[in-house]
Amino acid sequence: MRIVALAGGIGGARFLRGLKEAVAPGDEITVVGNTGDDIHLYGLKVCPDLDTLMYTLGGGIHEEQGWGRADETWSIKAEMKEYGVGPEWFGLGDRDFATHLVRSQMLTAGYSLSQVTEALCVRWQPGVRLLPMSDDRVETHVRITEDGTPKVVHFQEYWVRLHAAVDAEAIVPVGADTAKPAPGVLEAIAAADVILLPPSNPVVSIGTILAVPGIREALVAASAPVVGLSPIVGGAPVRGMADKVLAAVGVESSAAAVAAHYGSELLDGWLVDAADAGSVAAVEEAGIRCRAVPLLMTDVAATAEMARAALALAEEVRA
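Residues numbered from 1 in each chain as written. Predicted model: local features only at pLDDT ≥ 70, side-chain atom pairs only at ≥ 80, totals over all residues. Heavy atoms only, no water.

Enquirer: Describe the layout of surface pockets, with residues and values.
Expert: Roughly 980 Å³ of internal volume is contained in the largest pocket. Lining the largest pocket are 46 residues; nearest its centre among them are G9, I10, W67, W159 and R239. Looking at the lining of the largest pocket, the elements with two or more residues in it are α1 (10–22), α2 (48–58), α4 (94–108) and α6 (155–161). By residue number, the principal contributor to the lining of the largest pocket is α2, which donates five residues. (1 Å grid on protein atoms, 1.4 Å probe; cavity = no way out; pocket = protein on both sides within 12 Å on 5 of 7 lines; lining within 4 Å. Points joined across faces, edges and corners; volume = space filled by probe spheres on them. Helix = DSSP H or I, 4+ residues; strand = E, 2+ residues; numbered from the N terminus.)

Enquirer: How would you summarise the packing of α1 against α2 if you had to cite specific residues and measurements?
Expert: Two elements in contact, α1 and α2, have axes separated by 9 Å at closest approach and are oriented at 35°. Crossing of α1 against α2: the hand is right-handed. Within the contact between the two elements, α1 uses I10, G12, A13, R14, L16, R17 and K20 and α2 uses T52, L53, T56 and L57. Here the contact of α1 with α2 is built from residues that sort into five nonpolar, three polar and three charged. (Axes fitted to C-alpha atoms, helices over the stretch in contact; angles between N-to-C directions. Left-handed = near helix turned anticlockwise from the far one by under 90°. Contact = heavy atoms within 4.5 Å. Nonpolar A, V, L, I, M, F, W, Y, C, P; charged D, E, K, R; others polar.)

Enquirer: Tell me about the pattern of salt bridges, and name the residues and values.
Expert: Under the counting rule described, the total for this entry stands at 14 salt bridges. As a salt-bridge pair, E139 and R137 come within 2.9 Å of each other at their nearest N and O atoms. Here E139 falls in the buried class, since its relative accessible area comes to 11%. With a relative accessible area of 52%, R137 lands in the exposed category. Here E316 ties to R289 by a salt bridge, and the two come within 3.1 Å at their closest N and O atoms. Taken together, the residues E316 in helix α13 (residues 300–318) and R289 in strand β14 (residues 289–293) connect sequence positions 27 residues apart. For R289, a relative accessible area of 32% translates into the label partly exposed. A cluster of three or more residues bridged by salt bridges with shared partners is formed by E146, K151, E157 and R161. (Salt bridge = Lys/Arg side-chain N within 4 Å of Asp/Glu carboxyl O. Buried < 20%, exposed > 50% of the residue type's maximum accessible area, 1.4 Å probe, protein only.)

So, in C-alpha cells, the structure goes:
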C-alpha cells in the first residue's frame with residue numbers, strides 16, 4: 001500500500017511514528033512536509049518542520065520538547081549572545097546547528113531543498129520518503145498588533161517569541177502563490193492508495209502545504225481516499241496555537257469546523273475524538289464520512305491505533 005501524508009512538525013511527526021507501527025511490512029509512506037515555518041537565522045537555512053519529522057522518525061528528537069535534538073548542548077548559542085548576535089528568542093543547539101550548516105552548504109552549492117532533505121535522511125533513516133512541499137522559498141507570516149502598532153512577523157517569531165499571546169489578525173504564506181510543488185509530490189499523490197492529513201495545524205501546517213498551487217488540486221483529483229484527523233479535541237487544540245490561527249481565518253475551534261474548513265471536496269473521511277462524538281452527524285451532513293475514536297497521542301501504541309482507525313476509515317470510504 002502506498003500512503004501519502006501531509007505533515008507539519010510535532011503533531012505530524014508523532015502521528016507518523018504511530019503510522020509506521022500500524023502499516024504492514026512493505027507498505028510505503030511518503031511524507032510531504034511543511035516548509036512555511038522555514039526561517040533564515042545566523043546565515044543558515046532552518047527548516048523546523050522537516051527537521052522535527054526527520055529527528056522524530058529517525059530517533060534523535062528531544063522527546064519532552066518534541067523539537068530539537070536529544071542530549072543537546074548550547075555552546076554556540078552562548079557564544080552568539082556574547083557577540084551580541086540574535087535573535088536570542090530562537091534557540092539552536094549545537095547538534096542542531098550541524099544540520100543547518102550542512103543544509104545551507106549544500107543549498108549554496110546549488111542543490112535543491114529536495115536533494116538536501118534526501119541527503120540528510122541518509123543519516124537519519126526515518127523509514128519514510130520525506131519530501132518538502134516545495135523547493136521554492138515560502139515563509140508563513142502573521143499580522144498582529146503589538147503595543148498598539150500593527151506589524152507583520154514571521155510565524156516563528158509569533159510562536160516562539162510571542163508565544164501566540166497576541167491575536168493573529170491574518171495568516172500570510174508569503175511566496176506560496178508562486179511556488180511549485182517539489183519534485184515527486186504530485187506524482188506521489190497521484191499514485192497513492194491512501195492520503196492522510198495528520199492532526200497537524202490546519203492553517204499554518206497543512207494549510208500552507210495546500211496553498212502551494214497544484215497540491216490541493218491533486219488531492220481533490222486523486223483516486224485515493226483522503227482522511228484527516230482532527231487536531232481539535234473538546235474545543236481546544238491538543239497542543240500549539242491552532243485556535244489562534246483558526247480565529248485569524250474565521251474558523252471556530254471545533255472538530256466539525258475544521259472539517260468544514262478543509263471541505264467535502266477535499267476530505268472523504270474525518271476522525272474526531274470520542275469527546276467530540278456529538279459532532280459526527282454534522283460532519284456527515286456536510287458530505288464527509290466521520291467516526292469518533294480516541295485521538296490523544298499518549299504513546300506510540302495509542303497513536304498506532306489512531307493510524308489504524310484512519311486507514312480503516314479510508315477502506316470504508318473506498319468500499
